[in-house]
Amino acid sequence: MNGKTTDFNDRMLSLGLARVSEAAAHASALLIGRGDEKAADQAAVNAMRDQLNMLDIKGTVVIGEGERDEAPMLYIGEEVGSGQGPEVDIALDPLEGTTLTAKDMPNALTVIAMAPRGTLLHAPDVYMDKLAIGPGYATDVVSLDMAPAERVRALAAARGCKESDITVCILERERHEAMITEVRETGAAIRLITDGDVAGVIHCAEAELTGIDMYMGSGGAPEGVLAASALKCMGGQMWGRLLFRNDDEKGRAEKAGITDLDRIYARDDLVTADVIFAATGVTNGSIVAGVKREPGYLTTETILMRSKTGSVRRMIYRNPVK
C-alpha cells in the first residue's frame, strides 16, 4: 500500500474510536445494577470487538483482557480491524469498573486508546505504582522516589498554596493504608475511590472541575498505559513503576519484552507517539455522564481526545433502540 493509505490519520480514526467505546457502553448498560460483573464485561467485550473489526486498520491489542488462554476475545496480541489501513497498537478496557457497573456505582467507563504500531508500552498484567498530576507544573515537581507526604509538600509549594489545599485521589485498598495515613497527616484531603483508577488519573487533568490535584497508589499496569494515553492528550505528568509479587509476574514482564524491571516510566515512555483516546460513561461519573435510558432510546456521553492537537471533544449520542 502507499504511504497515504497506511498513515496514522488520527483525525479520521478518532470518530471511529468513539463509536467503539459507545458500542461497548450501550451493550453493558443493560446490565447496570444487575450484580453480574462477568456478564457486563462480556457484553462490552463483544460489542467493542465487533466495532473494532469494522475499522480500516491493522490493529494489534497490546493492552487487553488478558493472555490468549485467559480471554476468548480482545486478548493481548489479538489482531483486529479490517486488515486494510495503518498498523496500530490498541489499549482497551471494555468496561473499566465491572464492579461499579454491577452495583450501579459512579464512574464506570468503557475506555480505548490507539497509537501507531510499537508506541504503547506492552504492560504485563501486574501492579504498577502510579503518580500523576495535572498540567501547568514544571517537570518532575514530584516523583515516585518521594514519600507520599513529600509529594504533597512539593506540589503545594509549586502551586503556591497550603498543603491543606491539596486533594489526592487514592484507590481504597488495604495496601494503601499507610499511604493514606501519611497523606492525611500533612493536612491534605483524600478522595478515595473504590475502583476505576483510569478515571482517577484523568481527574488530575481537570482539577478545576474535579477538585483533584494528584493521584497516587498502585493499581493495574495495563490501566496505567490507558491513563497515560488520556493524560498525554489532556496535559499533565505521570510516572509508573512495575511491581512484582513473584517470579511468575516477572516472567510476564520478560515475555512482554521488558528487561529493566525497576525502571520508572514517565508518561511519554508509556506512550511514545501521538495517541487518540475515547471513553464513554456507563454509570454517571465526574468525567462523563452515564448511559441514560428512556423509551426507545439510549443516550451516552463520550470524551474523545487527540494528543496531536490537544483537542478534547465531548459528544452526546442519542441512539434509537428497538
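Above: the structure in question.
Residues numbered from 1 in each chain as written. Predicted model: local features only at pLDDT ≥ 70, side-chain atom pairs only at ≥ 80, totals over all residues. Heavy atoms only, no water.

**Q** Just to check I follow, could you spell out the overall build of the protein chain for this structure?
**A** Looking only at helices and strands, the protein chain has 11 helices and 14 strands in total. Computed over its C-alpha atoms, the radius of gyration of the protein chain comes to 19 Å, within 12% of the 20 Å expected for a compact globule of 322 residues. Each principal axis of the C-alpha atoms in the protein chain carries an extent, and together these give about 55 × 50 × 40 Å. When each of the 322 residues of the protein chain is scored for burial, the buried share is 55%. (Helix = DSSP H or I, 4+ residues; strand = E, 2+ residues; numbered from the N terminus. Rg over C-alpha atoms; globule rule 2.2 N^0.38 Å. Buried < 20%, exposed > 50% of the residue type's maximum accessible area, 1.4 Å probe, protein only.)

**Q** Would you mind going over helix α9 (residues 221-234) with me for this structure?
**A** Quick reminder: α-helices carry 3.6 residues per turn. Residues three or four places apart thus point the same way. With 14 residues, α9 extends 20 Å from end C-alpha to end C-alpha; this agrees with the ideal 20 Å at 1.5 Å per step. For α9, the buried fraction is high: 13 of the 14 residues fall into the buried class. Where α9 ends, the next residue or the one after it, G235, has phi of about 95°, a positive value. (Expected span 1.5 Å × (residues − 1).)

**Q** Looking at this model, I keep getting lost on the packing of helix α2 (residues 10-29) against helix α3 (residues 37-52). Mind explaining?
**A** For any two helices packed against each other, the geometry comes down to the angle between their axes and how far apart the axes lie. Relative to each other, α2 and α3 sit at 150°, their axes nearing to 8 Å. Taken together, the axes of α2 and α3 lie roughly antiparallel to each other. By crossing handedness, the relation of α2 to α3 is classed as right-handed. For the pair α2 and α3, contact is made by R19, V20, S21, A23, A24, A27 and S28 and by A40, A43, A44, A47, M48, Q51 and L52, respectively. Of the residues that constitute the contact of α2 with α3, the class distribution is 10 nonpolar, 3 polar and 1 charged. (Axes fitted to C-alpha atoms, helices over the stretch in contact; angles between N-to-C directions. Parallel < 35°, antiparallel > 145°, perpendicular 65-115°, else oblique. Left-handed = near helix turned anticlockwise from the far one by under 90°. Contact = heavy atoms within 4.5 Å. Nonpolar A, V, L, I, M, F, W, Y, C, P; charged D, E, K, R; others polar.)

**Q** Where do I start with the pattern of salt bridges in this structure?
**A** By the definition in use, this model includes 17 salt bridges. Where R173 meets D195, a salt bridge forms, and the shortest distance between an N and an O atom there is 3.3 Å. Residue R173 is located in the loop between β6 (167-171) and α6 (177-185), and its partner D195 is located in the loop between β7 (189-193) and α7 (197-205); the two are separated by 22 residues in the primary sequence. The class for D195 is partly exposed, based on a relative accessible area of 23%. (Salt bridge = Lys/Arg side-chain N within 4 Å of Asp/Glu carboxyl O.)

**Q** Where do I start with the packing of helix α5 (residues 148-159) against α6 in this structure?
**A** Where α5 contacts α6, the two axes come as close as 8 Å, and the packing angle between them is 35°. In the packing of α5 onto α6, the handedness of the crossing is right-handed. Side by side, α5 and α6 meet where P148, A149, R151 and V152 of the first sit next to M179, E182 and V183 of the second.

**Q** Teacher, can you tell me more about the environment of I316 here?
**A** Among the structural elements, I316 can be located in strand β14 (residues 311-320). Residue I316 is classed as exposed on the basis of its relative accessible area, which comes to 63%. Separated by 276 residues in sequence, I316 and A40 place their C-alpha atoms 22 Å apart. Ignoring anything within four residues of it in the chain, the contact list for I316 reads T299, T300 and E301.

**Q** When you look at the layout of surface pockets in this model, what are you seeing that I'm missing?
**A** If a probe the size of a water molecule is rolled over the atoms, the empty space left behind becomes visible. There is about 670 Å³ of room inside the largest pocket. For the largest pocket, the lining is made up of 34 residues, of which D93, E96, D125, G220 and E223 are closest to its centre. Put simply, the parts of the chain that give the lining of the largest pocket at least two residues each are α3, β3 (87-96), α4 (98-102), β8 (214-220) and α9. Sort the elements by how many residues they give to the lining of the largest pocket and β3 lands first, with 4 residues. Tallied by class, the residues present in the lining of the largest pocket amount to 13 nonpolar, 9 polar and 12 charged. Taken as a whole, the second largest pocket holds about 220 Å³ of empty space. Forming the walls of the second largest pocket are 14 residues, and the residues nearest its centre are E67, I76, H122, K255 and A256. Elements that contribute at least two residues to the lining of the second largest pocket include exactly β1 (58-63) and α10 (247-255). Of the residues contributing to the lining of the second largest pocket, the split by class is 6 nonpolar, 3 polar and 5 charged. (1 Å grid on protein atoms, 1.4 Å probe; cavity = no way out; pocket = protein on both sides within 12 Å on 5 of 7 lines; lining within 4 Å. Points joined across faces, edges and corners; volume = space filled by probe spheres on them.)

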